[in-house]
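# An overview of the molecular structure
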Amino acid sequence: MQGKTDRAAWLKGGDARCNVEPKKQSHPYRLVLLGAPGVGKGTQAELLHARLNACQLSTGDIFRGIKALAECERTPAAKQALDCMLRGDLVPDEIVLSLVAERTRCLRCGGGFLLDGFPRTVAQAEALDQLLAKQTVKLDAVVGYDLPTEQIIQRLSGRRICPKCKKGYHVQSLPPKVAGVCDHCGTALQQRDDDRPEAIRVRLEAYEKNTAPLAEYYRSKGLLLSIPATETPEKTLERTLQALQAKQNGGAKPPPAKR
Ligand code: AP5
Ligand code: MG
């Protein structure tokens, strides 16, 4: 059964506290989920949370949260972040890093964490290294999901989200029982603003230019586990858990760098 989670401190930052402190794990997993937009990071984060208990911490969720604020509550930095997100561009590093730096409570949480969508640039990865060193915690692994571009576009263009409970669907691979309606709360499903074709194109370009180099960054540190994301979410989860287990047992040596 999925463990209860409350990401208040991640979503609100600052002094916000979780109502549900996750159980301290004998091995709290501290993972980064890496991969192109639409590869399935959020889907895997939910499934991994159910198995490992670590919280899904998504920077995209923080930025989407700005949309729910009234105009007058949005700071200039929040407005800039929202504009970037709607276009499909990356939010500038200084904005992302200032938000993450307010949330160190989540990084030192005894339940571990699943960082989804952060870091996304080498500068962010270096800043994360420093933040974690200050909290005296280390990453266990960086799970890099790989998927051909045509499948990425299919996944993004068919994605639907419940605006109320945030449950994700896909019109073909994960349809709701009643078309367009959330199974859990009966709310009408929506398409994400940045899942429009022109924003998808910008997001894929931003990924190739800024985020893809992180695979090499983490491979060189012996942290990268490359997992194909072509199979069902459940099979991808099993592959991820097997790779984590192998790494924990010392069986997984970092694969050689691609030439
Ligand atoms: P973010 O929210 O992180 O979006 P993203 O990286 O573009 O990734 P997505 O959430 O679109 O895809 P996903 O990999 O989670 O896939 P999902 O599981 O939903 O960021 C949004 C924006 O915020 C960025 O563009 C940027 O502007 C900004 N931002 C965020 N973090 C930032 C940072 N650190 N720095 C700068 N800017 C930042 O799956 C997709 C679909 O496929 C779903 O419909 C799902 O049901 C389906 N699916 C999933 N797995 C499978 C499967 N195995 N088989 C079939 N269908 C599947
Ligand atoms: Mg996501």
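Here, the structure is the one placed above.
Quick look at the structure, then. (Residues numbered from 1 in each chain as written. Chains lettered and ligands numbered in written order. Predicted model: local features only at pLDDT ≥ 70, side-chain atom pairs only at ≥ 80, totals over all residues. Heavy atoms only, no water.)

### Concerning the side chain of Arg74
We count it as follows: Counting from the N terminus, the helices are DSSP H or I runs at least four residues long and the strands are E runs at least two residues long. For this analysis, residues touch if any pair of their heavy atoms sits within 4.5 Å.
Mapped onto the fold, Arg74 is located in the loop between helix H3 (59-67) and helix H4 (76-87). Among residues more than four places away in sequence, those in contact with Arg74 are Ile66, Lys67, Leu69, Lys79 and Leu82.

### Here's the deal with the site of ligand 1
Quick note on the threshold: Residues are labelled near a given molecule or strand when at least one of their non-hydrogen atoms is within 4 Å of it. Within 3.5 Å is the distance limit for a polar contact, defined as a pair of N or O atoms, with the added protein rule that one can donate a hydrogen and the other accept it, and that residues adjacent in sequence qualify only through two side-chain atoms. Exposure was quantified through the Shrake-Rupley algorithm and a 1.4 Å probe, taking into account, for residues, occlusion by the shown protein chains and nothing else. Residue polarity is assigned by list, with Asp, Glu, Lys and Arg as charged and Ala, Val, Leu, Ile, Met, Phe, Trp, Tyr, Cys and Pro as nonpolar; anything else, Gly included, falls into the polar class.
Neighbouring ligand 1 are 34 residues, the closest being Thr43, Asp89, Arg120, Arg159 and Arg203. Separating an oxygen atom of ligand 1 from a side-chain N or O atom of Arg203 is a distance of 2.6 Å. Starting from 1,000 Å² of accessible surface for ligand 1 in isolation, the protein chains cover 94%. Going through the elements one at a time, helix H2 (41-52), H3, helix H8 (149-158) and strand S6 (168-170) are the ones with two or more residues in the shell around ligand 1. Grouping the constituent residues of the shell around ligand 1 by class yields 13 nonpolar, 11 polar and 10 charged.

### Here's the deal with the nonpolar core
Condition: Side-chain atoms within 4.5 Å are what join buried Ala, Val, Leu, Ile, Met, Phe, Trp, Tyr and Cys residues into a set we call a nonpolar core. Exposure classes here rest on a 1.4 Å probe applied to the protein chains alone. A residue is buried below 20% of its type maximum, exposed above 50%, and partly exposed in between.
Within the largest apolar cluster, 37 residues are counted, with the highest numbers of intra-cluster contacts made by Phe63, Leu115, Leu128, Leu139, Val142 and Tyr218. When residues in this core are grouped by element, the largest group, five residues, is from H4. Once residues lying within four places of it in the same chain are set aside, the contact partners of Leu115 are Trp10, Leu31, Val32, Leu33, Leu57, Leu107 and Leu128. Ala141, Leu156, Ile200 and Leu241 belong to the second largest nonpolar core, which has 26 residues in total.

### Topic: the packing of H3 against helix H5 (residues 93-101)
Convention followed: With axes taken as lines fitted to C-alpha atoms, and helix axes fitted only over the stretch in contact, angles between N-to-C directions fall between 0 and 180 degrees. Throughout this description, any angle smaller than 35 degrees is read as roughly parallel, any larger than 145 degrees as roughly antiparallel, any in the 65 to 115 degree range as roughly perpendicular, and the remainder as oblique.
Close contact between H3 and H5 brings their axes to 11 Å; oriented N to C, the two are set at 100°. Taken together, the axis directions place H3 and H5 in an arrangement best described as roughly perpendicular. The residues of H5 that touch H3, namely those facing Thr59, Ile62 and Phe63, are Val96, Leu99 and Val100. Classifying every residue of the contact of H3 with H5 gives five nonpolar, one polar and no charged.

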